[in-house]
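A look at the structure
Here's the letter readout for the chains.
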Amino acid sequence: MATIVCPACHEPARRIALRTVKALLTGAALRRLVPKDEFHFCASPDCDVVYFAPDQVFRVADVRERVFQKDTASETPVCYCFDWTRESLVAALHRGARPDEDIQEHVRLRRCACDLRNPQGACCLGNVRAVLADARQRS
């Protein structure tokens, strides 16, 4: 199977469920959606394409949420289900809390909705752990 790449940056992209795309597009973008295609998510931070299909491209401005991979602001969500931002994760870490363990427990209890809330359409724990690891390294 051939690797699918973003039409703008040519970086590899991963398939994403149509329901995620539909849940996260703005109203104007949703009006342009042709739901027959298979969509992919571009995680490249230097590219403004978020979702694409063979004949469709949706960019950062077309998405209702800030996209973690594409927005480095401290108030950008990292965990979309439980409202953790880069800033709140780092602050919790400095207080001695383990937000990754808190999120993992909620996931275990099947409380998350990453497939609908997270623009990448998948669990945020990898992103959360990356932010925490970076914060620990900077300390």
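An account of the accompanying structure is given in this report. Values in this document were obtained by computation on a predicted structure and should not be read as measured data. (Residues numbered from 1 in each chain as written. Predicted model: local features only at pLDDT ≥ 70, side-chain atom pairs only at ≥ 80, totals over all residues. Heavy atoms only, no water.)

1. Some remarks on helix H4 (residues 99-108)
Along H4, the residues classified as buried are Pro99, Asp100, Ile103 and His106. Buried residues in H4, looked at end-on, bunch into an arc of 125°, giving them a common side. Elements that come into contact with the buried residues of H4 comprise strand S5 (77-79), strand S6 (84-85), helix H3 (86-94) and helix H6 (125-138). (Buried < 20%, exposed > 50% of the residue type's maximum accessible area, 1.4 Å probe, protein only. Helix = DSSP H or I, 4+ residues; strand = E, 2+ residues; numbered from the N terminus. Arc of directions from axis to C-beta. Contact = heavy atoms within 4.5 Å.)

2. Topic: the pattern of salt bridges
A complete count under the given rule lists 11 salt bridges for this structure. The salt bridge partner of Arg19 is Asp115, with a shortest N-O separation of 2.3 Å. Pair noted here: Arg19 is in helix H1 (residues 18-24) and Asp115 is in helix H5 (residues 114-117), with a separation of 96 residues, a long-range link. Looking at Asp115, the relative accessible area reads 30%, which means it is partly exposed. Taken together, the shared-partner salt bridges in this structure form one network comprising Arg66, Asp71 and Glu75. (Salt bridge = Lys/Arg side-chain N within 4 Å of Asp/Glu carboxyl O.)

3. Side note on the side chain of Gln69
For Gln69, the position within the fold is in the loop between strand S4 (56-59) and S5. Residue classification places Gln69 among the buried residues on the basis of a relative accessible area of 14%. Polar contacts involving the side chain of Gln69 include one to the side chain of Gln120, which spans 2.2 Å. Apart from residues no more than four positions distant in its own chain, Gln69 is found in contact with Phe41, Ala43, Pro45, Gln120 and Asn127. (Polar contact = N/O pair within 3.5 Å; in protein donor to acceptor, adjacent residues only side chain to side chain.)

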